[in-house]
Each structure stands twice: as C-alpha cells, then as structure tokens.
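Residue strings, one per chain:
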Amino acid sequence: MKDKKGYYAILHVDETASEKEIKNAFRREVKLYHPDKNHDPNAGAIYLKINESYRVLTDPDARQAY
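Residues numbered from 1 in each chain as written. Predicted model: local features only at pLDDT ≥ 70, side-chain atom pairs only at ≥ 80, totals over all residues. Heavy atoms only, no water.

### A closer look at the pattern of salt bridges
(1) Moving on: What the rule picks out here adds up to one salt bridge.
(2) Moving on: We note a salt bridge from Glu 29 to Arg 28, for which the minimum N-O separation is 3.2 Å.
(3) Moving on: Judged by relative accessible area, Glu 29 falls into the buried class, the value being 5%. (Salt bridge = Lys/Arg side-chain N within 4 Å of Asp/Glu carboxyl O. Buried < 20%, exposed > 50% of the residue type's maximum accessible area, 1.4 Å probe, protein only.)

In structure tokens:
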C-alpha cells in the first residue's frame, strides 16, 4: 500500500496510536470483517488488509520503515 496513512486508515487509528490502541482497533475490525462472520464478498480481502496493517504497525522496525 503506497498511501502512508493507508494502514492507519484501515484500522481507524491515528499515526500516533500506541501499540495497545492498534491492538484494540485490530480486534474490533477483525470481528467485523472475519469471513466466517461477514458474508460480504469483499470481507476476505478486507480481512487480509486488516491483518497486514496490524503486522506492519505492531512491528517497530516495519512501522518505522512504513
């Protein structure tokens, strides 16, 4: 994702969000878009983006590089 705010926007957090805020946002979004719970055809793709956002934003090195 090229948009610098993209991962933050996906999780609906600010760029200054703490790891705890990111984790809480991740949990909230995963519950909404998990393919087993959400039958929207796009839910799977959104779910993958949520997971990627979480992975990058909770890894200090990856977040800094992002």
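### Things to note about the side chain of Thr 58
(1) Moving on: Tracing the sequence through the fold places Thr 58 in helix 3 (residues 43-58).
(2) Moving on: Using a relative accessible area of 19% as the deciding quantity, one classes Thr 58 as buried.
(3) Moving on: Engagement of the side chain of Thr 58 in a polar contact is seen with the backbone oxygen of Tyr 54, the distance being 2.7 Å.
(4) Moving on: The residues touching Thr 58, leaving out its near neighbours within four places in the chain, are Glu 19 and Ile 22. (Helix = DSSP H or I, 4+ residues; strand = E, 2+ residues; numbered from the N terminus. Polar contact = N/O pair within 3.5 Å; in protein donor to acceptor, adjacent residues only side chain to side chain. Contact = heavy atoms within 4.5 Å.)

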